[in-house]
Amino acid sequence: MSSDSCSSPPALAWIRSRVSTSRFEPNVEFSDDRIAELIAYACEAPSAYNLQNWRFIAVRSPAAKQKLCELAYGQRQVLDAAVTIIVIGTLNGHEHIRANIEPMVGAGLLSEQELQSWVDDTQRDYEADPRKQRDEAIRSASLAAMTLMAAAQGLGLDSGPMGGFDAQAVQAEFGLGPAEIPVMLVAIGRAAADNWPRKPRRPVPDLLSIV
Ligand SMILES: Cc1cc2nc3c(=O)[nH]c(=O)nc-3n(C[C@H](O)[C@H](O)[C@H](O)COP(=O)(O)O)c2cc1C
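Residues numbered from 1 in each chain as written. Predicted model: local features only at pLDDT ≥ 70, side-chain atom pairs only at ≥ 80, totals over all residues. Heavy atoms only, no water.

## Remarks on the site of the ligand
- Around the ligand, the surrounding shell consists of Arg-18, Val-19, Ser-20, Ser-22, Gln-75, Gln-77, Pro-161, Met-162, Gly-163, Gly-164, Lys-199 and Arg-201.
- In this structure, Arg-201 approaches the ligand through a side-chain N or O atom, which is 2.7 Å from an oxygen atom.
- Protein coverage of the free-state accessible area of the ligand, which is 620 Å², stands at 60%.
- Of the residues in the shell around the ligand, the class split is three nonpolar, six polar and three charged. (Near = heavy atom within 4 Å. Polar contact = N/O pair within 3.5 Å; in protein donor to acceptor, adjacent residues only side chain to side chain. Areas by Shrake-Rupley, 256 points an atom, 1.4 Å probe, with all protein chains shown as cover. Nonpolar A, V, L, I, M, F, W, Y, C, P; charged D, E, K, R; others polar.)

## Focus: the sheet that holds strand E4 (residues 180-189)
- Within the open sheet, the four strands sit side by side as E1-E2-E4-E3. Their pairing is antiparallel. The outermost strands of the open sheet, each flanked by one partner alone, are strand E1 (54-59) and strand E3 (158-162). Each neighbouring strand pair of the sheet contributes to a mean axis angle of 25°, computed without reference to strand direction.
- Across five bridges, E3 lies against E4 in antiparallel orientation. Note that in E4 the partner of Pro-161 across the bridge is Val-186. (Pairing = 2+ DSSP bridges. Helix = DSSP H or I, 4+ residues; strand = E, 2+ residues; numbered from the N terminus. Axes fitted to C-alpha atoms, helices over the stretch in contact; angles between N-to-C directions.)

## Overview of the packing of aromatic side chains
- According to the stated counting rule, one finds one aromatic pair in the structure shown.
- Ring geometry for Tyr-49 versus Tyr-126: centroids 6.0 Å apart, planes at 80°, classification edge-to-face. Note that Tyr-49 is positioned in the loop between helix H2 (32-42) and E1 and Tyr-126 in helix H6 (residues 112-126), a separation of 77 residues in sequence.
- For Tyr-49, a relative accessible area of 25% gives the class partly exposed.
- Among the residues examined, Tyr-126 registers a relative accessible area of 2% and is labelled buried.
- Over the face of the ring belonging to Tyr-126 we find Lys-132, whose NZ or CZ atom lies 5.3 Å from the ring centre. (Phe/Tyr/Trp six-rings, centres within 6.5 Å; stacked < 30°, edge-to-face > 60°. Buried < 20%, exposed > 50% of the residue type's maximum accessible area, 1.4 Å probe, protein only. Lys NZ or Arg CZ within 6 Å of the ring centre and 35° of its normal.)

## Re a nonpolar patch on the surface
- A surface patch of nonpolar side chains, about 330 Å² in accessible area, is lined by Val-204, Leu-208 and Ile-210.
- A residue is classified by how much of its surface remains accessible, and Ile-210, at 74% relative accessible area, is exposed. (Patch = residues over 30% accessible without salt bridge, like charges linked within 9 Å, V, L, I, M, F, W, Y side chains within 5 Å. Salt bridge = Lys/Arg side-chain N within 4 Å of Asp/Glu carboxyl O.)

## Some thoughts on the environment of Asn-195
- In this structure, Asn-195 sits in the loop between E4 and helix H9 (204-207).
- Polar contacts involving the side chain of Asn-195 include one to the main-chain amide nitrogen of Ser-22, which spans 2.9 Å.

## Examining the confidence of the model for the protein chain
- Considering every residue of the protein chain, the mean pLDDT works out to 95; 97% of them sit at 70 or more.
- The low-confidence segment residues 1-5, where pLDDT is below 50, has five contacts with residues more than four positions distant or belonging to other chains. (pLDDT = per-residue confidence, 0-100. Contact = heavy atoms within 4.5 Å.)

## Details of the packing of H2 against helix H7 (residues 130-154)
- With their axes 8 Å apart at the nearest point, H2 and H7 run at an angle of 130° to one another. Comparing their axes, H7 and H2 come out oblique. In this structure, H2 crosses over H7, and the sense of that crossing is right-handed. Within the contact between the two elements, H2 uses Leu-38, Ile-39, Tyr-41 and Ala-42 and H7 uses Ala-144, Thr-147, Leu-148, Ala-151 and Ala-152.
- Within the contact of H2 with H7, the residues separate by chemical class into eight nonpolar, one polar and no charged. (Parallel < 35°, antiparallel > 145°, perpendicular 65-115°, else oblique. Left-handed = near helix turned anticlockwise from the far one by under 90°.)

Written out as structure tokens, the structure is:
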């Protein structure tokens, strides 16, 4: 944890104290309710047009962990973490947009006409553009994954993202549909004592242009 994190607002303290956990204490178990709570927080992530173009598979059983571990090139954290979430981005979010935003009409935030133009704009942007569908699925799922990690930290848990897995094999083994991309794995549990501490970051002046 950095020296300023104790006096920082919680969100800033979290940013500076989060580490990617790759070594977890084994034998930590999560209930269905705990997993559902984590996913409810993940779903608070923003998405373009409020597409919410994501889905989640919680890999918790020993058999499912074993299968996913093999497809994640033997990464041990899949076996030891309480759960690993397959964060899935969906390509057809625009097909569900009306249902996503209709409650805003009921709440008086949007007129029927505004709802229709929101739906039309979304269809126009995505329907005939597979590349944009894919980009958007990866953007949304990545934000959901980050929000999931923030939620884990907020609940006193530890998490680690993983891109090291065979996406095609995960798609086949875990029954993903043709419009679903496994974007990231997020292992969640309790960090083991020998987990790596925070890693260094590149200096801001090397990375920032203000124009
Ligand atoms: C997209 C993505 C893929 C990653 N894949 C893996 C992975 O397969 N295995 C792993 O142990 N860590 C993985 N990491 C964790 C990174 O190694 C880690 O975020 C980075 O070294 C910085 O460390 P920190 O998050 O603790 O600051 C991944 C992180 C991201 C964002």
